[in-house]
Amino acid sequence: MCGEGSDTNKSDSDTFLNPPPPPPPPAAPEPSAAVSEDPYTTAAQRFQQDQANPFKNMKSASSSMDSPPTPAPVPVAAASKKSSSLGGLTPVDRFNRDPTNPFRASRMKLARLSVKLKGKTTASASVSTPTPTPPPSPTAPPPPPAPTLESATSNVSPPPVAAKSTTSSTPAKARAMPKNLNIMPGGTVLALKDTTSKEGGAKSSACGVLSALAAGSKPSAAAAFKAPEGVCLPYGAMEAAVEAQGLTSQFEALLTVLETAEIGSLDAACKEMMDLIEQVAPPENVREEVLSTLGEGRLIVRSSANVEDLEGMSGAGLYESIPNVRAKDAAGFNKAVAEVWASLYTRRAVLSRRSAGVAQEQAVMAVLVQELLAPEMSFVLHTAHPLSRDPDLLVAEIAVGLGETLASGVRGTPWRLEVNKKTGEVKTLALANMSEAMVVDERAEADGKLVRVQVDYSSQPLSISPFARATFAKCLAAIGTLLEEELGCAQDVEGAVVDSDIFIVQSRPQP
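Position labels on residues start from 1 in each chain and follow its written sequence. Totals for whole chains, interfaces and linings use all residues, but because this is a predicted model, local features are given only for residues with pLDDT of at least 70 and pairs of side-chain atoms are given and counted only at 80 or more. Remark: hydrogens and water are excluded; side-chain values derive from all non-hydrogen atoms of the structure.

Q: Requested: an account of helix α12 (residues 263-277), with residues and values cited.
A: Helix length check: α12, at 15 residues, gives a terminal C-alpha distance of 22 Å against a target of 21 Å (1.5 Å per residue), a fit within 8%. Burial classes: relative accessible area under 20% of the type maximum marks a residue as buried, over 50% as exposed, and values in between as partly exposed (1.4 Å probe, protein chains only). Starting at the N terminus, helices and strands are each numbered in turn, a helix being any DSSP run of H or I of at least four residues and a strand any DSSP run of E of at least two. Of all the residues in α12, the buried ones are Ser265, Leu266, Ala269, Cys270, Glu272, Met273, Leu276 and Ile277. Within α12, the buried residues cover an arc of 165 degrees as seen down the axis, which keeps them to one side. The exposed set on the far side of α12, more than 90 degrees from its buried face, consists of Gly264 and Lys271. Any helix carries an expected span of 1.5 Å times its number of residues minus one. This arc is taken over the directions from the axis of the helix to the C-beta atoms.

Q: How would you sum up the packing of aromatic side chains? Please name residues and give values.
A: Aromatic rings from Phe, Tyr and Trp, taking only the six-membered ring of Trp, are treated as a pair when their centres fall within 6.5 Å; an angle between ring planes under 30 degrees marks them as stacked, one over 60 as edge-to-face, and anything in between as tilted. For the structure on display, the rule yields 3 aromatic pairs. Arranged with centres 6.1 Å apart and planes meeting at 80 degrees, the rings of Phe251 and Tyr345 form a pair that is edge-to-face. In this pair, Phe251 is assigned in helix α11 (residues 248-260) and Tyr345 in the loop between α14 (330-342) and α15 (347-356), connecting sequence segments 94 residues apart. As far as burial versus exposure is concerned, Phe251 and Tyr345 are alike and both buried. Plain terms: the ring middles of Trp415 and Tyr457 are 5.7 Å apart, the flat faces sit at 80 degrees to each other, and that makes the pair edge-to-face.

Q: Give a description of the sheet that holds strand β9 (residues 426-430) that names residues and reports values.
A: Ordered in space as β9-β8-β7-β6-β12-β13, the 6 strands form an open sheet in which the pairing is antiparallel. Both outer strands of the open sheet, β9 and β13 (501-509), are each paired with one neighbouring strand and no more. Taken over all neighbouring pairs, the strand axes of this sheet differ in orientation by 20 degrees on average, direction set aside. In terms of strand pairing, strand β7 (residues 393-400) meets strand β8 (residues 415-420) through 6 bridges, oriented antiparallel. The residue bridging Leu394 from the neighbouring strand is Val419, located in β8. On top of the sheet, helix α18 (residues 466-487) reaches β6 (377-382), β7, β8, β9, β12 (491-498) and β13; it is set at about 45 degrees to β13, its chief contact. Strands qualify as paired when DSSP identifies two bridges or more between them. Fitted lines through C-alpha atoms serve as axes, helices being fitted only where they are in contact, and the angles separating the N-to-C directions of these axes extend from 0 to 180 degrees. Here, two residues are considered to be in contact whenever any of their heavy atoms come within 4.5 Å of each other.

Q: Go over the pairing of β7 with me, naming the residues and quoting the values.
A: The side chains of a regular strand alternate, first on one face of the sheet and then on the other. Among the 8 residues in β7, 7 count as buried, and that is most of the element. Where β6 and β7 come together, 6 bridges link them in antiparallel fashion. From the neighbouring strand, Val380 faces β7, where its bridge partner is Glu397.

Q: Lay out helix α10 (residues 237-244) in plain terms, naming residues and giving numbers.
A: Residues Ala237, Met238, Glu239, Ala241 and Val242 constitute the buried set of α10. Where α10 ends, the next residue or the one after it, Gly246, has phi of about 70 degrees, a positive value.

Q: If you had to explain the environment of Asn306 to someone new, which residues and values would you point to?
A: Structurally, Asn306 is set in the loop between β3 (298-305) and β4 (321-326). Note on Asn306: relative accessible area 19%, which makes it buried. Counting along the chain gives 106 residues from Asn306 to Gly200, while the straight-line C-alpha distance between them is 7.7 Å. Beyond its immediate stretch of four places on either side in the chain, Asn306 contacts Pro178, Leu181, Tyr235, Gln362, Ala363 and Val364. Polar contact is defined as a pair of N or O atoms within 3.5 Å, subject to the rule that within protein one atom must be able to donate a hydrogen and the other to accept it, and that residues adjacent in sequence are counted only when both atoms are side-chain atoms. There is a polar contact of 2.9 Å between the side chain of Asn306 and the backbone oxygen of Gln362. Among the polar contacts made by the side chain of Asn306, one reaches the main-chain amide nitrogen of Val364 at a distance of 2.9 Å.

Q: Just give me the short version of the pattern of salt bridges, but keep the residues and values in it.
A: The salt bridge definition used is simple: a Lys or Arg side-chain nitrogen within 4 Å of an Asp or Glu carboxyl oxygen. According to the stated counting rule, one finds 13 salt bridges in the structure shown. Asp501 is the partner of Lys226 in a salt bridge, and the nearest nitrogen-oxygen pair spans 3.1 Å. Highlighted residues: Lys226 in the loop between α9 (197-216) and β2 (230-233) and Asp501 in strand β13, separated in sequence by 275 residues. Judged by relative accessible area, which is 40%, Lys226 ranks as partly exposed. Residue classification places Asp501 among the partly exposed positions, given a relative accessible area of 30%.

Q: Please give an account of the sheet that holds β4 that cites residues and values.
A: One open sheet accounts for 5 strands, arranged β1-β2-β5-β3-β4; its pairing is antiparallel. Bordering the open sheet on either side are β1 (190-191) and β4, each of which pairs with just one other strand. For β2 and strand β5 (residues 365-371), the ladder comprises 4 bridges, and the chain directions are antiparallel. When the bridges of β5 are listed, Gly230 appears paired with Gln370. The sheet strands contacting α9 are β1, β2, β3 and β5, and the helix crosses β3 at an angle near 130 degrees. Sheet strands touched by helix α13 (residues 284-294): β2, β3 and β5. Its angle to β2, the strand with the most contacts, is close to 165 degrees.

Q: Let's hear about the environment of Leu394: which residues, and what values?
A: Along the chain, the position of Leu394 falls in strand β7. Residues in contact with Leu394, not counting those within four places in the same chain, are Leu381, His382, Thr383, Leu417, Glu418, Val419, Lys421, Leu476, Ala477 and Gly480.

Q: Mind laying out the pairing of β6, listing which residues take part and the relevant values?
A: Among the 6 residues that make up β6, 6 are buried, leaving the element largely enclosed by the rest of the structure. Of the two faces of β6, the one carrying Met377, Phe379 and Leu381 and the one carrying Ser378, Val380 and His382 are both buried.

Q: An account of the environment of Lys203 is requested, with residue identities and associated values reported.
A: Looking at the secondary structure, you find Lys203 in helix α9. Exposure remark for Lys203: the relative accessible area of 5% places this residue in the buried category. Each C-alpha atom, one on Lys203 and one on Arg302, is 9.4 Å from the other, the two residues being 99 residues apart in sequence. Separated by 3.0 Å, the side chain of Lys203 and the backbone oxygen of Ser303 make a polar contact.

Q: Hey, could you go over the packing of α12 against α15 for me, with residue numbers and the actual values?
A: Packing of α12 against α15 brings their axes to within 9 Å, and their N-to-C directions diverge by 125 degrees. Relative to α15, α12 is oriented oblique. Contacts between α12 and α15 involve Ile263, Leu266, Asp267 and Cys270 on the former and, on the latter, Arg347, Val350, Leu351 and Arg354. Note on terminology: angles under 35 degrees are roughly parallel, angles over 145 are roughly antiparallel, angles of 65 to 115 are roughly perpendicular, and the others are oblique.

Q: Could you give an account of the nonpolar core, naming the residues involved and the relevant values?
A: To form a nonpolar core, buried Ala, Val, Leu, Ile, Met, Phe, Trp, Tyr and Cys residues must be joined to one another through side-chain atoms within 4.5 Å. With 48 residues, the main nonpolar core has Phe251, Ile277, Trp341, Tyr345 and Val369 as its most contacted residues. Those residues in contact with Val369, other than ones at most four positions away along the chain, are Glu229, Gly230, Val231, Leu233, Val290, Leu294, Leu299, Ile300 and Phe333. By size, the runner-up hydrophobic cluster in this structure holds 41 residues, among which are Trp415, Tyr457, Ala473 and Ile504.

Q: Please set out the side chain of Asp492 residue by residue, giving values where relevant.
A: Residue position: Asp492 is located in strand β12. We count Lys and Arg on the positive side and Asp and Glu on the negative side, and we leave His and both chain ends out. No salt bridge forms around the buried Asp492; measuring N to O, its nearest opposite-charge neighbour Arg508 is 5.3 Å away. Excluding residues that lie within four positions of it along the chain, Asp492 makes contacts with Leu381, His382, Gln506, Ser507, Arg508, Pro509, Gln510 and Pro511.

Shown next, in the form of C-alpha cells:
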C-alpha cells in the first residue's frame, strides 16, 4: 500500500542508528517520484508522500482545515464577511466566533461565568513572573536563584479551606441584600394569605393563592380541592437569627468565599457555612405563634427561597423539606427550621446559582410551615405534556403514600395517566409497580423521619379498575386546568388524596 519506496522491515530507530549502505542499482521498477528515498525518512513520512497512498486525499483535506486559508485573488468587495473576520484563526476560534454557530450563546454564557475568576488568575500570573535580582557583591553571600515560572506557580494557589475555618484570611464584606424584596425583622410570622413573593418567595406566595382558591371552591365543583393550613417565616428571619448569635461577620465572609471558591475547596466552604447556620434558631415567639396557629399536630417545614419555583428556574428538589415535626417540640422544630435555612448553601445549590449567574449574596431563604398530610396517595401533575410540550395533554404521576415516594427515588414506576383536556380522553401510560411507599408512622414520635411500607397493588383501585383511573384522572385534569388559568402558565402541581379529598400543596411554573 505504501509503494515500493517503503519496503524496509527495520524500525525507524534502527534505521536512524545504523544507516544502511547505499542501495545497489534497482532491479525493480522505479519508486514513485513523490516518495523520498532518503534512508532517514520515517515510515510515516514515506507513507504520507506516496502518491499511491489511498488516504492521501483525505489527509490533505484534513490538513487544509487546520491551516489558515490562502486568500483568494478576488476583489475585497467580493469577499464574504465571514471570511474576512474569521480567516487565519484556528478551527476552534473560528467555531467560537462564527455568528452562525448554534452553540455560541452557551459559549458566551460560560465565558461570562469565567470572568469571576479573572482577578484570581491575574494575581497568579503576576506572581509567576520572575523578578530580576541584582548581581551579588564580592563579600555578600550569593542570593537565592530567581524563581522559575514552574517553581513560582507551583507555590501559588487559591487560599485553601482550612479544617477549622475558611474565613480566617477572608475579609468580611458587607452583604448587599436583594433590593426587590421586603426583608422583614426577626420574629415575624406571616399568614399565607398575607404572604407575597417579596416577603416569602414564589412557593409561599403560591400556597397563599392555593389557600384562597380552595376556600372559594364549591365541594361539588369538578375542580374542587383543599389546601393545607400554614404560615411563613419570611425573608430576613435567618439573617436576624445569625445576627442574634453574633455571627454576621463570619457569615458574610463565608458568602465571599462561596462566590469564588474553586471546586476543590467548595465542599469544605459549604459545610462550614451550613454548620454555622445550623447553630442558630428563630426566636421563641416564632414557635409559639406557629403552635397557636397550627396546633400540636405533625408539621412539614419547607423551603421557600427567592431562587426557586420561578419560570425558567424551578429549583425542584434543590432545597430541604423536613417532614414530621411538631411545634410543641422546641428542639425538633428549631432544628428543622435551621436545616432548611442551611440548605440554601449546599454544594448543589451553590453550583446551581453559579450556572444561572445568580450571586450567592442575592439568594435568601424563607421557611414555609404547613400541616403534614397523611395521604392514601400523592401525585404530580404536568399540565402540559412534559416531553412533547403539547398544551392539550395533561400527564399525572401517582403513587401510594406521601409525595416523597415520588421524589426520593423509590424503585419502580408510578401510575402514569394522560388526559386530553379538550376531549376528556384518558390513557393509561403505566401501572404502578413501586414496591414501597413512604408514610408517617402515626405510632412514633415526630422525629423528622418517614418510614417505608410494602404496597399491595391487588387492593389498589387504580390498579384493578379502569373506571377508577378514568374518574380520578378527569378530576385531576379539571384542577390542573383551573390552576393553569389562574396562575397564567403551564404548571407542575403537587397534591395528595386524604379521605377522598384532593389537596393541592404546591404549584410552580412548569420548566
